[in-house]
Amino acid sequence: MTEPAIAATGTKAAPKLVLENIVKDFTGRRHKTVRAIDGIDIEVGDGEIVCLVGASGCGKTTLLNIVAGLEQPTSGGVTIDGEAIVGPGPDRGMVFQSYSLYPWRTVSENVAFGLECIGMSRKDRAERVQELLGIIGLGRFADNHPKELSGGMRQRVAIARALAPEPDILLLDEPFGALDAQTRRAMQEFLLLVWQRTRATILFVTHDIEEAILLATRIYVLSSHPGRVVEEITVPFGTNRGPSVLRDPRFLDLRDEIQELLTTQVER
Amino acid sequence: MTDTSLDPVPGSGPRTPPGTGAGTAHLGDDPAAPWRRSAKPGTRGRKQGALLRLRDEIPFRTRVVLACTGIAGLVVVWLLAAAWSSGAVVVPTPLATWNAFTDYWRSGELSTDLSASAVRVAEGYTISMVVGIVLGVAIGSFRSIEAFWESPIGFLRYIPATALTPLFLLWLGIDESPKIALIIAGTVFYNILMIADVTRAVPRELITASYTLGAGRLRVLCRVILPHSWPGIIDVARINLAAAWLMLVVAELLAAQDGLGYRMIQSQRFLQYGRMFAILLIFAVIGMFSDLALRGLRTLVAPWARP
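Numbers given to residues run from 1 along each chain, matching the order in which its sequence is written. Chains and ligands are labelled by the order in which they are written, letters from A for the one and numbers from 1 for the other. Residues qualify for local features only when their pLDDT is at least 70, as the model is predicted, and side-chain atom pairs are given and counted only at 80 or more; totals for whole chains, interfaces and linings, by contrast, use all residues. Calculation of side-chain values draws on the structure's entire complement of heavy atoms; hydrogens and water are dropped beforehand.

I'd love a proper account of the overall build of chain B, names of residues and values included.
The secondary structure listing takes helices from DSSP runs of H or I that are at least 4 residues long and strands from runs of E that are at least 2 residues long, numbered from the N terminus. Helices and strands together make up the secondary structure of chain B, namely 10 helices and zero strands. The order of helices and strands in chain B, counted from the N terminus, is α-α-α-α-α-α-α-α-α-α. We call two residues contacting when some pair of their heavy atoms lies within 4.5 Å. Contacts spanning at least 24 positions in sequence make up 67% of the contacts within chain B whose residues lie at least 6 apart. For chain B, the exposed area adds up to about 19,400 Å²; of that, 68% sits on carbon and sulfur atoms. Reported accessibility uses the Shrake-Rupley method at a 1.4 Å probe radius. Residues are deemed covered only where the shown protein chains occlude them.

Structure below.
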């Protein structure tokens, strides 16, 4: 494996996750090869929230799946702390748009799943679950089933479940895409809160530009067909940001800039 | 569609009154257009009756009344048939059937027959379900196992299981084993294929989410795929249980010393119409209760999957 190139981008922290020249081909109709991702380089530093923004078809979800180890790139390498990823593992927690909670398990049993996998004792599990339910504010719902929760609550459980085994990095695949506007806003603030409390490293995929700016420390704007990085943007807001960011003039400028980048992509 | 009735130039003239603008009238202009008309003047839209709404609920009371009417209709048909009963086509009255039933019961034959039949179904169907669950879950979970089993099962399941009866009797004699074998042969392929479908219905993301939480394949199989599939598997058991009873009766009609199917043939020999009807009703009642029991089991095992 190649050495992580810290000097190239000048990020302050040593990169935790490095994606180097990722290429992904799919076999389409009539065995034609379709290039979904064409040479993407991405670095995520320790404790950063990095957002991938792009229209549908830019391969953002595929990219996330590659980091999760659920898909293999056609070429290129993914490393976390210098170690190559060969398959999925609890060091990379993932949250999906469709919650994908276990409907037969209660909230606390859902959160405990990853802890069972790593063989934690029942007592330690109960403690950790209790702590996480406190963080997501669903202590009262510990014994409810997912069916009895609202969409936002379910997604909070999914985030707690992914955080439970203390992953090195949290992967979020359009996690708030299925929520209504108000809940989505609340969930974004919730995620910021979780990030500030747990100092988790987060890689986040969205097509919502405002969401990206609100949450991310850095944003990669991706092009579609094939997916390439067209711009890497450092978001100028600190770690203690809140919803007031939404009224910051720099927020609006950034939004317009990214909008512009994506629009040219679509027209191309 | 653009609304062509809109004036392109503001204030360029009043709208054409309905029916007068020769050739220029558009869909939206005519308040008396047929598609606007309701059945009742002064109203709009299609009113729907309460009883025949597509996929819509009806009041609980109406449901109860309709269900009772259905049962009553069945009884009426039976009574009419019994009234027209003649020497050529004998249909016993409900009363005669009831008397035959009590006779059958008091003689002690009912309990021997019932337990003989029930034990056969229980044994055969349990084996069939176990094979169905093991193979079905494996086929639904692994493409390689699916590729191996799909073609032989797809081929064998087109052999009518009833056609195997003579062969099974030759191979296995006339005691319990051919009957159990027939029940298995008649249900196992459906169990396997339907349980495989149930397993395939486990959302992919539930499986990938489990991998990212650190679960291995065995854990995903036992802790994710199986729990998600239990309610569906019980539904499959419910549906195919009818086929098990079908195979049992075929086996008992041909070669048995006891059992409900055997008693059916005996009653035919002695022209005991009442008893034959009683046995038919016993089958129906057994089916109904086992269905209810399995529904109860489904709620017990998977309360989260209640529709």
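Before we move on, can you summarise the interface of chain B and chain A with the specific residues and values?
Of the residues lining the interface, 18 residues belong to chain B; the matching set on chain A comes to 24 residues. Buried area: the accessible area, evaluated with a 1.4 Å probe, that two parts lose upon being put together, summed over both parts. Summing both partners gives a buried area of about 1,800 Å² for chain B against chain A, and 67% of it is carried by carbon and sulfur. Salt bridge, as used here, is a side-chain nitrogen of Lys or Arg placed within 4 Å of a carboxyl oxygen of Asp or Glu. On inspection of chain B and its partner chain A, the count reaches one salt bridge. Where Glu 116 of chain A meets Arg 223 of chain B, a salt bridge forms, and the shortest distance between an N and an O atom there is 3.7 Å. What qualifies as a polar contact is a pair of N or O atoms within 3.5 Å, subject to a donor-acceptor requirement within protein and to the restriction that residues adjacent in sequence count only when both atoms come from side chains. Put simply, chain B and chain A have four residue pairs in polar contact (both at pLDDT 80 or more) between them. Taken together, the elements giving at least two residues each to the side of chain B that touches chain A come down to α7 (204-212) and α8 (217-254) of chain B. In terms of residue count, the dominant contributor to the side of chain B that touches chain A is α7 of chain B (seven residues).

Pulling in residues and values, what's your account of the packing of helix α4 (residues 143-156) of chain B against helix α6 (residues 176-200) of chain B?
Residues and elements named next belong to chain B. Where α4 contacts α6, the axes come no closer than 10 Å and their chain directions differ by 140 degrees. Classed by the angle they form, the pair α4 and α6 counts as oblique. Note that α4 runs across α6; the crossing there is left-handed. On α6, the residues touching Glu 146, Ile 153 and Leu 156 of α4 are Phe 189, Ile 192, Leu 193 and Arg 200. For this scheme, ten residues count as nonpolar: Ala, Val, Leu, Ile, Met, Phe, Trp, Tyr, Cys and Pro. Four count as charged, namely Asp, Glu, Lys and Arg, and the remainder, Gly too, count as polar. For the contact of α4 with α6, the class distribution of residues is five nonpolar, no polar and two charged. Inter-axis angles, ranging from 0 to 180 degrees, are taken between N-to-C directions of lines fitted to C-alpha atoms, where helices are fitted over the stretch in contact. Under this scheme an angle from 65 to 115 degrees is roughly perpendicular, one under 35 degrees roughly parallel, and one over 145 degrees roughly antiparallel; angles in between are oblique. Note on convention: near helix rotated counterclockwise from far helix by under a right angle means a left-handed crossing. Clockwise means right-handed.

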